[in-house]
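# Working through the structure, step by step
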Amino acid sequence: GAGVSQSPSNKVTEKGKDVELRCDPISGHTALYWYRQSLGQGLEFLIYFQGNSAPDKSGLPSDRFSAERTGGSVSTLTIQRTQQEDSAVYLCASSPPARGFGQPGNTIYFGEGSWLTVV
Amino acid sequence: GIQVEQSPPDLILQEGANSTLRCNFSDSVNNLQWFHQNPWGQLINLFYIPSGTKQNGRLSATTVATERYSLLYISSSQTTDSGVYFCAVEQSYNTDKLIFGTGTRLQVFP
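This write-up is about the structure you can find in this document. (Residues numbered from 1 in each chain as written. Chains lettered and ligands numbered in written order. Predicted model: local features only at pLDDT ≥ 70, side-chain atom pairs only at ≥ 80, totals over all residues. Heavy atoms only, no water.)

### Here's the deal with the layout of surface pockets
Spelled out, the test is: Grid spacing is 1 Å over the protein atoms alone, the probe is 1.4 Å, and a cavity is where that probe fits but cannot get out, while a pocket is an open set with protein on both sides within 12 Å along at least five of seven lines and lining residues have an atom within 4 Å of a point. Grid points are joined across faces, edges and corners, and a volume is the space filled by probe spheres set on the points. The numbering of helices and of strands both runs from the N terminus, where a helix is a DSSP run of H or I of at least 4 residues and a strand a run of E of at least 2.
There is about 550 Å³ of room inside the largest pocket. Together, 30 residues line the largest pocket, and Gln37(A), Gly40(A), Gln37(B), Val84(B) and Arg105(B) are the ones closest to its centre. Within the residue set of the lining of the largest pocket, elements represented by two or more residues are strand S8 (88–95) and strand S10 (114–118) of chain A together with strand S9 (83–90) and strand S11 (104–109) of chain B. Tallying contributions element by element places S11(B) first for the lining of the largest pocket, with four residues.

Right under this line is the structure:
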């Protein structure tokens, strides 16, 4: 597609259930990011994938959170045993291949987000 | 890790007014971008500006990397400019991970 696609756009789940959020990046983009935004707050970095390199998982808030990226394209963010504090918008973004070592990074493009509500 | 602070946190303007938003960062950066998040939550990239000055219509941005700040100028503001403005920085050459600032919430009234 033309942009970053995320699904579902909205998800209401019961506390304790597992959820999966999907991100389909822009074709050809090697970098993929997941961010979380709570209501009225800034963007909290969760995880970053770049090509075949090991992902940067430094932002995942707990071991209930995990993410995969299959075939260097689609990514799935999984939250196990959801808690009410997990309620937020989960934003995915992608960017083109880096221009080379030591070169500045690239513009990133965001999807419309997956709104998660845990009740 | 790097700290990214934006000011002011909130800004209320009347249509037609000009404004300056500031982004301070605590360490050297390899990349700096400005984003606008509209009231429906969509994030749109405004500028990729690790240094220097760029202009796009009524918006312009300047980054002084040596002094660790960037400014976003909005001239002749319109109600459609309302939303939250974020700056985001990439801390080093070894990662493209973008760290977002705290944001400036702008409301423009007719």
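Now that the structure has been shown, we can carry on.
### Remarks on the state of the cysteines
Disulfide: a covalent bond formed between the sulfur atoms of two cysteine residues. All names here are of chain A. Selection criterion: Note on terminology: pairs of cysteine sulfur atoms within 2.5 Å are recorded as disulfides. A 1.4 Å probe rolled over the protein chains alone gives each residue an accessible area, and that area as a share of the maximum for its type sets the label: buried under 20%, exposed over 50%, partly exposed in between.
Evaluated as defined, the whole model comprises two disulfides over all chains. Shown here is the disulfide that connects cysteine 23 with cysteine 92, its sulfur atoms set 1.9 Å apart. Note on the cysteine 23 and cysteine 92 pair: the S-S dihedral is about -70°, so by sign convention the disulfide is left-handed. Residue cysteine 23 is located in strand S3 (residues 19–24), and its partner cysteine 92 is located in strand S8; the two are separated by 69 residues in the primary sequence. On the basis of relative accessible area, cysteine 92 is assigned to the buried category, the value being 0%.

### Re the environment of Gly101(B)
All names here are of chain B. Relative to the helices and strands, glycine 101 is located in the loop between strand S10 (98–100) and S11. Take glycine 101: its relative accessible area is 4%, and that puts it in the buried class. The spatial distance from the C-alpha of glycine 101 to the C-alpha of valine 89 is 8.2 Å, given a sequence separation of 12 residues.

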